[in-house]
Structure formats: structure tokens, C-alpha cells
Amino acid sequence: MKKLIWVLVAAIGAFALGGLALHRGESINALWIVVAAVCVYTLGYRLYSAWIAAKVLVLDPTRVTPAVRLNNGRDFVPTNRWVVFGHHFAAIAGPGPLVGPTLAAQFGYLPGTLWILVGAVLGGCVQDMVVLFFSTRRDGRSLGQMARDELGPIGGYAAMVGTLMIMIILIAVLGLVVVNAMKHSPWATSTVCATIPIALLVGLYMRNIRPGRVLEASCIGTALLLLAVVGGGAVAAHEGLRTWFDLDSITLAWLVIGYGFTAAVVPVWLLLAPRDYLSTFLKLGTVSLLAIAVVVMRPEIRMPAVTQFIDGSGPIFGGALFPFAFITIACGAISGFHALVSSGTTPKLITNEGDIRMIGYGSMMLESGVAIMALIAATMLQPGVFFAINSAPGGAGATPAAVVATISSWGFPLTVETMQTLAAQMGEATLFARTGGAPSLAVGMSSIFGSAFGQGMMALWYHFAIMFEAVFILTTLDAGTRVGRFMLQDALSGVWPAMGRTSWYPSVLVTSALIVAGWGYFLYIGVVDPNGGINILWPLFGISNQLLAGIALCICTGILVKQGKLGYAWITGAPLAWLAIVTTVATWEKVVSGDVRIGFLAAADQTAAQLAAGTLPAAQAAVAPQLIFNQRLDALLSVVLAVILWIIIVDTARVCARFVRGIPVPA
């Protein structure tokens, strides 16, 4: 009977996927996507992850974990499994599953849906679980340390340098998306600010006031979060308070930088873990509510299955379906950033090795579900509205009338009145050129919630969605900064051993400041960019993220082979091969393409020529030299990171070949 049930689940999932893949012409119901996703995730977790855990990794619940053995009350802390699950999910679920699918919707709903489902079950979930297992078995070692230990000095140091560089770029983009979502939005800014003292209260409650009372703390924190959302509306309506939270991009960027530094240096139980844990309730609650609303309302997907922009002419970002769909949707399918969390904070908190499957594979599966919900929310909007919100300032026209005319000429009818009415419903002055993906996703989410629970609360739903996204992203930013601190401490320990002591305060302060200064620079680049920043940083973010996933999969493949499990090495080797192809092609196009919408160097040369000719507006001319430098820096970084990946691939192949031939390799 059990086998028949699983055969039925597989048949339903195959039917739903087939309907999505073959359907053309008239619009399709979002329920098809939900059913396909639920079936695929259920089969993946119940069968594939269980097989890997039992046969490949051989998890041992009786083995003492580093959190128990090395407990120091600061970084190594035995923690309740659900709190660890919440922290890990919150830490990995940043902007990728929200922004990536939203931006990639310019290709249509079908490519993103297929990549999210297949990429997650066979790639992303596997990577997260395997890296978490190997790091837990190695005293919570970071990805760079594991590379150095397993591959030797060449691949090890290449991995350490590459992961540090990529980490800085990734966190900068996280900060940029938060800033773009909150700028000049007092409601969103005040609500997000309120989450910080709430997290501090919950951390103190669970550790000092009522130790071990996780349920009580959870109820208090969740209630306060909901009050913060409602209170944000009151703040936005109050003339005096409103001015305190009506901030520009640069001010918000400095506040985000300050928060990142603080979260990296205070004890993990005080801010990071409780904030991530609380945000998990918000995230899972919102996604569950969104899924229920989709099931109840069964909204139609208005975006075509495949649009005319698969040729690379898209208005949101340049580049064809292959390879750019696979680097734009990163975290919802497979993300290298997750490997840093899986070898950073999480293995230092796990108390039972048997929880690794739930935390590693399960968290990533949930994040992929978030990506599916984000894709539905974006593609159920009228395509004209979607493109008007996400097109860069001046990209589709200099005035609202020009933007509307351009988008209508693409075959997506739109009027200025439609956009004005929508902005009024959301409680915003305008929704034109709100780049970054977060605002359009918030509009889609509020439209679904409004249809299901009342149109009169659209402004509340919109700002709730903005807060939801910002909390999502900030939990990744603070965890990422802390992981970056661990990595830098590892790297500097070879120069000064004391710097490798993760809880020594001089080392904590110095390395945290260096990491924050690095990503803070790239965040500033994005903030001052007249095109919204996302055009410069998101492609680099996607390429870097997938290159990092390639590095992580290299290390995992090498360890599996060295453990005598060559026959199982394909579980990480197959995703590695795909990512190596995708990232190499994407890097090549971003560097050498003559299309200014794709190539970093082409865009830099065009801006330099316009600056020399004096044809740039005064505001753009003032920042043009910095933009030119940044675009050329992006090109250089892309090449360096791709070269690092191939160095690690070649070194991994060398180590594996030596082991198979019986020649000694690092233990």
C-alpha cells in the first residue's frame, strides 16, 4: 500500500509537470505549479534524501557533535533542534528565493519553475546536507579549511581566497536589496528596525529570564513581530515619527553596515540565533498563508510560459535564457552561500547528527518552496505592471507615459492610470522603476492576500510583504557576516595563530570590521549607481553564488572519493558538472560580450565614451568615473573567480586520480 501511495504521488507530480511543460496559449492556473512542487519535494525528501543519509553519508545519532564537545557559550552552543532548523533556514533563505525567481520571470513562468524544482531536489538540497555533514564531522570547519585539509595547499588556498571574495560580493547584494526595499518607506523601515530589539528580548528571555522555555519565547516574539507590522502603519501616518524613518539609500546603507558589524561581534545567542529563529516563524507563516491563498483563490498565471525575451533582449537584465536563467535563480535551486552557512554557524549548534538530514535537506527544500511562491506572486501580475515596476530608471522611458508606451509596444498593455491606482492601493507614491525584485514581489503577494482576505487591507499587506522580504534578507546578511568572520579568522590563523581563536575579542573585532568594510564598499557602489545598482551587482551575485556552489561540490566530491565511495560521487559530481558549464559560459559572456546590457567591459567603454563626449546628465557624470571603475572591477572579479573554480576542479581531479591509483593523498 505504501508503494502504491508513492507511485500515485509520482504520477500526480508527473501529470502536473507535463501540463506545465506542454501548455501553451491561454493562461494556466497557479495550482498546477503548487501540485507539481509538492509532489517533487515529497518524493525528494522521503526517498532521495533518506537514501543519501543512510547509504552515502551514514549518519550516526550516537556520535557526539562539536557543539557538545567544544561548547564555549559563544560560537559552539548546543541548541534545540528546532531553533537550529529555524536559524539555518533563516540564514540561507535570503534574497535569492525571492528576488531571483522574480527577476527571471521576464523569461516566462516555465523555465524558472523547472529549474527551481529539479535544481533543488538533485543539487541544492544535496549540497547543503552533504556540506553540513562533512563540516560537523570535522569540528565545524569552514569550507576553506576543509578544502585546505582535503585537497592540499593549491586547491585549499584557492578555495579560501575564492570563498572570501565571493562572500563579500554576496553580502553586498543582500544589503542592496534591503536598501532598495526600504528607501523612503517609513512603514517598512520602522517595522524592520523594531525586529532588532524584539530579537534581543527573545534571546535574553530564552537564556536568562526563562531558560529553555522556547514555546513561551516564540509566542512573545511572534506577537511582537505582528504588532511591529501594524505599528509601522501608525508610524508612517504620524507626521513627526514619519520623518525619523523616511530615509534615503545612503543613510540606510550605513545603518545596514552598522547592523552587520554588531550582529557579527555579539554572542550568537543574543541576536543572531533568536532573530533568525523568530524570522523563521514569520517566513514559514507567510509562505504557508500564501500557499493557502493560492490554493483557495487559484489565481491565473498571466505571464506567458515563455516570453520573447529568452533571446537576451529582456528589459530587466540582458542575457539569453541559457545561461542567465540558471545564475539569476540561484538560492531557490542551488546556492553556494548555503555551503558557507552549512560549514559556518550551523555545525557549531547541532546536538544530534541525526538532525542533519532535516536541517540540511529540509531547510533547502523549504527555501525552494519559497522560490516557487515568489515565482507565482510575480507571474500572476499583469505583465505590463511587472515590467513597469522592475525596469531600471530610464530603461523603458524617461517619463511614466514613455514607459507605458514602450511596455505596451512589447505586447503587454498598460496605462499610467493603472500604475497610479496600484501605487495608491499599496500606500506608495509611485511604483515605477522600483528595481531589485522586492517591490514587485510585494505587490504580487499583497494582491493574492487582498483577493483572499480583503481588498481594503492592500497597503497593510504590501508593507507586511516588504517587511517579510527585508527580514528574510537581513537574517542572511547577519549570518553571512559572521560566517565571513570565521573564514577570515581561519585565513589569518596561519599568520598569527591567536587570530584563529573564534571567540577572542580582538580577533572578532578586527576580522568583523574587515569583512563589513569589504561588503560595505560594494553596497555603496550599488547605492550610488543611477541605474539602481541591481544591474551591476545581481549578475555578479549570480555568477559568484554558483561558482561558490561549484567549489563546495568539488570539495564534497573529493571527500566522497577519498572515503572509498567513488560509486556515489555522482550525487555531487553531476550538479558540479552542470554548474561548471553554466558559470563558465556566463562569465565569458559577461566579460567579452559587446552588448552593453550584458558585457561589463562594453558597458564601461560606453559610459567612458559618453563621459568624454559630455553627453551624460550632470548627476550621472558625477558618478560615471566610479561606475566605469566598478564595471571593470566586476569583469576582473568574474574572471578571477572562474579561474579559481577551475583550479579547484583540476586539483580535485588530481587528488581523486591519485587515490584511485593508490598514490598517497591528504588524510
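Residues numbered from 1 in each chain as written. Predicted model: local features only at pLDDT ≥ 70, side-chain atom pairs only at ≥ 80, totals over all residues. Heavy atoms only, no water.

### As for the overall build of the protein chain
Helix and strand counts for the protein chain come out as 26 helices and two strands. A compact globule built from 667 residues should have a C-alpha radius of gyration of about 26 Å, and the protein chain, at 24 Å, falls within 12% of that. A total of 667 residues make up the protein chain; the buried ones form 61% of that total. Considering only intrachain contacts with a sequence separation of at least 6, the fraction spanning at least 24 residues in the protein chain is 82%. Surface summary for the protein chain: the accessible area is close to 23300 Å², and the carbon and sulfur share equals 69%. Counting 36 positive and 28 negative side-chain charges, the protein chain places the centres of these two groups 12 Å from one another. (Helix = DSSP H or I, 4+ residues; strand = E, 2+ residues; numbered from the N terminus. Rg over C-alpha atoms; globule rule 2.2 N^0.38 Å. Buried < 20%, exposed > 50% of the residue type's maximum accessible area, 1.4 Å probe, protein only. Contact = heavy atoms within 4.5 Å. Areas by Shrake-Rupley, 256 points an atom, 1.4 Å probe, with all protein chains shown as cover. Lys, Arg positive; Asp, Glu negative; His and termini not counted. Charge placed at Lys NZ, Arg CZ, Asp CG, Glu CD.)

### Remarks on a nonpolar patch on the surface
Together, Ile154, Val639, Val643 and Ile647 make up an exposed nonpolar region whose accessible area comes to about 320 Å². Within the element layout of this structure, Val639 appears in helix H26 (residues 618-660). (Patch = residues over 30% accessible without salt bridge, like charges linked within 9 Å, V, L, I, M, F, W, Y side chains within 5 Å. Salt bridge = Lys/Arg side-chain N within 4 Å of Asp/Glu carboxyl O.)

### Regarding the pattern of salt bridges
One pass over the structure, following the stated rule, counts eight salt bridges. Its salt-bridge partner being Arg81, residue Asp355 comes within 3.4 Å of it at the nearest N-O pair. With Asp355 in the loop between helix H15 (336-342) and helix H16 (356-379) and Arg81 in helix H4 (residues 81-92), the pair connects residues that are 274 residues apart, well separated along the chain. The salt bridge involving Asp651 is made with Arg654; its shortest N-O contact spans 2.8 Å. Here Asp651 and its partner Arg654 are both found in helix H26, three residues apart, which amounts to about one turn of the helix. Connected through salt bridges with shared partners, the residues Arg138, Glu150 and Lys562 form a single ionic network.

### Description of empty space enclosed by the protein
Gaps left between atoms show up when a probe the size of a water molecule is rolled over them. According to the stated counting rule, one finds four cavities of 30 Å³ or more in the structure shown. If you add up the space inside the second largest cavity, you get close to 40 Å³. Contributing elements (two or more residues each) for the lining of the second largest cavity: helix H13 (272-297), H16 and helix H20 (438-453). (1 Å grid on protein atoms, 1.4 Å probe; cavity = no way out; pocket = protein on both sides within 12 Å on 5 of 7 lines; lining within 4 Å. Points joined across faces, edges and corners; volume = space filled by probe spheres on them.)

### Looking at unusual backbone geometry
Here the residue pair Phe322 and Pro323 is connected by a cis peptide bond, since its omega of 10° sits within 30 degrees of zero. Mapped onto the secondary structure, Pro323 falls in helix H14 (residues 321-328). For Val58, which is not glycine, the phi torsion reads 55° and is therefore positive. With respect to the helices and strands, the residue Val58 is situated in the loop between helix H2 (30-57) and helix H3 (66-69).

### Digging into the side chain of Gln145
Mapping Gln145 onto the fold places it in helix H7 (residues 143-151). When residues no more than four places from it in sequence are discounted, the contact partners of Gln145 are Met160 and Asp490.

### What to know about helix H24 (residues 570-592)
For H24, which comprises 23 residues, the first-to-last C-alpha distance of 32 Å matches the rise-based estimate of 33 Å (1.5 Å per residue) to within 8%. Looking at H24, one finds that the buried residues are Ile571, Thr572, Pro575, Leu576, Leu579, Ala580, Val582, Thr583, Ala586, Thr587, Lys590 and Val591. (Expected span 1.5 Å × (residues − 1).)

### Comments concerning the packing of aromatic side chains
Aromatic ring pairs are described here by two measures, namely the spacing of the ring centres and the angle between the planes. What the rule picks out here adds up to 19 aromatic pairs. Their ring planes at 55° and their centres at 5.5 Å tell us that Phe133 and Phe134 sit as a pair that is tilted. Of the two residues, Phe133 and Phe134, neither departs from the other in class, the shared state being buried. One aromatic cluster is present, formed by Phe309, Phe386, Phe387, Trp410 and Phe412 through successive ring pairs. A cation over a ring is seen here: Arg81 above Trp82, with NZ or CZ 5.3 Å from the ring centre. Geometry around Phe600 places Lys590 over its ring, the cationic atom sitting 4.6 Å from the centre. (Phe/Tyr/Trp six-rings, centres within 6.5 Å; stacked < 30°, edge-to-face > 60°. Lys NZ or Arg CZ within 6 Å of the ring centre and 35° of its normal.)

### Some remarks on the nonpolar core
The biggest cluster of nonpolar side chains holds 199 residues, and the ones touching the most others in it are Leu143, Trp519 and Ile551. Of the residues forming this core, the biggest block, 18 residues, is contributed by helix H8 (residues 153-182). Sequence-distant contacts of Trp519, defined by excluding residues within four places in its chain, comprise Ile168, Ile171, Ala172, Val256, Ile257, Gly260, Leu477 and Thr481. (Core = buried A, V, L, I, M, F, W, Y, C linked by side-chain atoms within 4.5 Å.)

### What to know about the confidence of the model for the protein chain
Looking at the protein chain as a whole, its pLDDT mean stands at 85, while 94% of the residues score no less than 70. Per-residue pLDDT, averaged within each element of the protein chain, yields its smallest value for H13 (75) and its largest for helix H6 (residues 109-136) (96). (pLDDT = per-residue confidence, 0-100.)

### Remarks on the side chain of Ser512
Inspection of the secondary structure puts Ser512 in helix H22 (residues 505-528). On the basis of relative accessible area, Ser512 is assigned to the buried category, the value being 0%. A polar side-chain atom of Ser512 sits 2.7 Å from the main-chain carbonyl oxygen of Val508. Excluding residues within four positions of it along the chain, Ser512 makes contact with Phe261, Ala264, Val265 and Arg485. (Polar contact = N/O pair within 3.5 Å; in protein donor to acceptor, adjacent residues only side chain to side chain.)

### Side note on the environment of Ile171
Looking at where Ile171 falls in the secondary structure, it is placed in helix H8. Between the C-alpha atoms of Ile171 and Leu43, which are 128 residues apart in sequence, the distance is 33 Å. Excluding its chain neighbours within four sequence positions, the residues that come into contact with Ile171 are Leu477, Gly480, Thr481 and Trp519.

### Quick word on helix H12 (residues 249-265)
For H12, which comprises 17 residues, the first-to-last C-alpha distance of 25 Å matches the rise-based estimate of 24 Å (1.5 Å per residue) to within 8%. Those residues of H12 not exposed but buried are Ser249, Leu252, Ala253, Val256, Ile257, Tyr259, Gly260, Ala263, Ala264 and Val265.

### A short note on the packing of H22 against H26
Helices that pack against each other are described as a pair by the angle of their axes relative to one another and the distance between those axes. The N-to-C vectors of H22 and H26 enclose an angle of 130°; their axes lie 11 Å apart at closest approach. On the basis of their axis angle, the class for H22 and H26 is oblique. The interaxial crossing formed by H22 with H26 has left-handed handedness. Across from Tyr521, Phe522, Tyr524, Ile525 and Val528 in H22, the residues of H26 making contact are Val623, Gln626, Phe629, Asn630, Leu633, Asp634 and Leu637. (Axes fitted to C-alpha atoms, helices over the stretch in contact; angles between N-to-C directions. Parallel < 35°, antiparallel > 145°, perpendicular 65-115°, else oblique. Left-handed = near helix turned anticlockwise from the far one by under 90°.)

### Considering the environment of Leu103
Mapped onto the elements, Leu103 comes out in helix H5 (residues 96-104). According to the relative accessible area criterion, Leu103 is buried, its value standing at 4%. When the C-alpha atoms of Leu103 and Asn390 are compared, they prove to be 7.8 Å apart, with 287 residues separating the residues in sequence.

### Let's talk about the state of the cysteines
Applying the stated criterion across every chain, the model contains zero disulfides. Cys39 takes part in no disulfide bond, and the closest cysteine sulfur to it belongs to Cys125, at a distance of 16 Å. (Disulfide = S-S within 2.5 Å.)

### A few points about the environment of Ala16
Looking at the secondary structure, you find Ala16 in helix H1 (residues 2-22). The class for Ala16 is buried, based on a relative accessible area of 4%. For the pair Ala16 and Cys39, spaced 23 residues apart in sequence, the C-alpha separation works out to 9.0 Å. When sequence neighbours within four positions are dropped, the list of residues in contact with Ala16 reads Trp32, Val35 and Ala36.

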